[in-house]
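# Understanding the architecture of this molecule
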Amino acid sequence: KMAVKPFDFTKSATKKTTGATSGRTSQIPTLSVLAGTAVQQVTVLPIALLDAHPEQAHYHMDESKLEGLCVRAKADGRYEILAGHQRVEASRRVQLQTIPAMVYSGLDDDAATYIFHATNAYGRDGLLPSEKAYAYAEIERVLKKNINGMKTTQAIADETGESTRTIQRYKKLL
């Protein structure tokens, strides 16, 4: 059996950071700010009902790491994968029929986009520079749209442990 190990989206809105921004305290947007009243629960889903996130093509698959599966319910009864594309692919390869997943109901497109790109940018090692650039740009777009007055580059730097200058350099690749 596969254990569900979901990405931690329940971070406090204020946290002490480590790495390049060590010691600073910043206001970091959490999924709860973006998701509002979305409901989450762990359930076992048929693999046949899982669809890749439409932007998954922007990221390469690293088969050495299998993250927890996080999906959102779609209106047509299917599920969109937000995190865990590798786990689903591995499960398909060994011909499993079902897989445990963290299911979000009532999640809007912006919150889903944030989860999708945050798990790729913050939760995976070995991303290509172009993949990081794309992820950071999409996270910044969602944050600017939803949280007024936020210094988005600083928030991304605080969450990733990279300097704001490094985040800016990545974004220049686009």
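Computed from a prediction, not measured in an experiment: that's the story for all the values here.

Within the protein chain, residue pLDDT values average 74, and 70% of them lie at 70 or more. With pLDDT under 50 throughout, residues 1-30 is counted as low confidence; its partners more than four residues away or in other chains account for 70 contacts.

All right, on to the packing of helix 5 (residues 152-160) against helix 6 (residues 164-172) then. Relative to each other, helix 5 and helix 6 sit at 110°, their axes nearing to 8 Å. Between helix 5 and helix 6, the angle falls in the class roughly perpendicular. Crossing of helix 5 over helix 6 shows right-handed handedness. Contacts between helix 5 and helix 6 pair Thr 153, Gln 154, Ile 156, Ala 157 and Thr 160 from the former with Thr 164, Ile 167, Gln 168 and Lys 171 from the latter. Among the residues making up the contact of helix 5 with helix 6, the classes are represented as three nonpolar, five polar and one charged.

Side chains that differ in charge, positive against negative, can pair when their charged atoms come close. Per the stated rule, a full pass over the model turns up nine salt bridges. Arg 72 serves as the salt-bridge partner of Asp 109, at 2.8 Å between the closest nitrogen and oxygen. Residue Asp 109 is located in helix 3 (residues 109-123), and its partner Arg 72 is located in strand 5 (residues 70-73); the two are separated by 37 residues in the primary sequence. By relative accessible area, Asp 109 is classed as exposed at 51%. The class for Arg 72 is buried, based on a relative accessible area of 13%. Across the pair Lys 145 and Asp 110 runs a salt bridge whose closest N-O atoms are separated by 3.2 Å. A residue pair is termed long-range when its members are at least 10 positions apart, and Lys 145 in helix 4 (residues 129-146) and Asp 110 in helix 3 qualify at 35 residues.

Cut-offs applied
- Sequence order sets the numbering: in each chain, residues are counted from 1 along the sequence as written.
- Owing to the predicted nature of the model, reporting of local features is limited to residues with pLDDT of at least 70; listing and counting of side-chain atom pairs is limited to 80 or more, with chain, interface and lining totals taken over all residues.
- The basis for every side-chain value is the complete set of non-hydrogen atoms in the structure, without hydrogens or water.
- Confidence scores labelled pLDDT are given residue by residue by the predictor and lie between 0 and 100.
- By definition in these notes, contact holds between two residues if any of their heavy atoms fall within 4.5 Å.
- Simply put, an axis is a line fit to the C-alpha atoms, just over the touching stretch for a helix, and the angle between two N-to-C directions goes from 0 to 180 degrees.
- Secondary structure elements follow DSSP: runs of H or I of four or more residues count as helices, runs of E of two or more count as strands, with numbering from the N terminus.
- Here is the rule for angles: anything less than 35 degrees is roughly parallel, anything more than 145 is roughly antiparallel, 65 through 115 is roughly perpendicular, and the remaining ranges are oblique.
- Put simply, a crossing is left-handed when the front helix is turned counterclockwise from the back one by less than a right angle, and right-handed when it is turned clockwise.
- Any residue that is not Ala, Val, Leu, Ile, Met, Phe, Trp, Tyr, Cys, Pro, Asp, Glu, Lys or Arg is counted as polar, Gly included; the first ten are nonpolar and the last four charged.
- The working definition used for a salt bridge is a side-chain nitrogen of Lys or Arg within 4 Å of a carboxyl oxygen of Asp or Glu.
- Between buried and exposed lies partly exposed: a residue is buried under 20% and exposed over 50% of the maximum accessible area for its type, with that area taken using a 1.4 Å probe on protein chains only.

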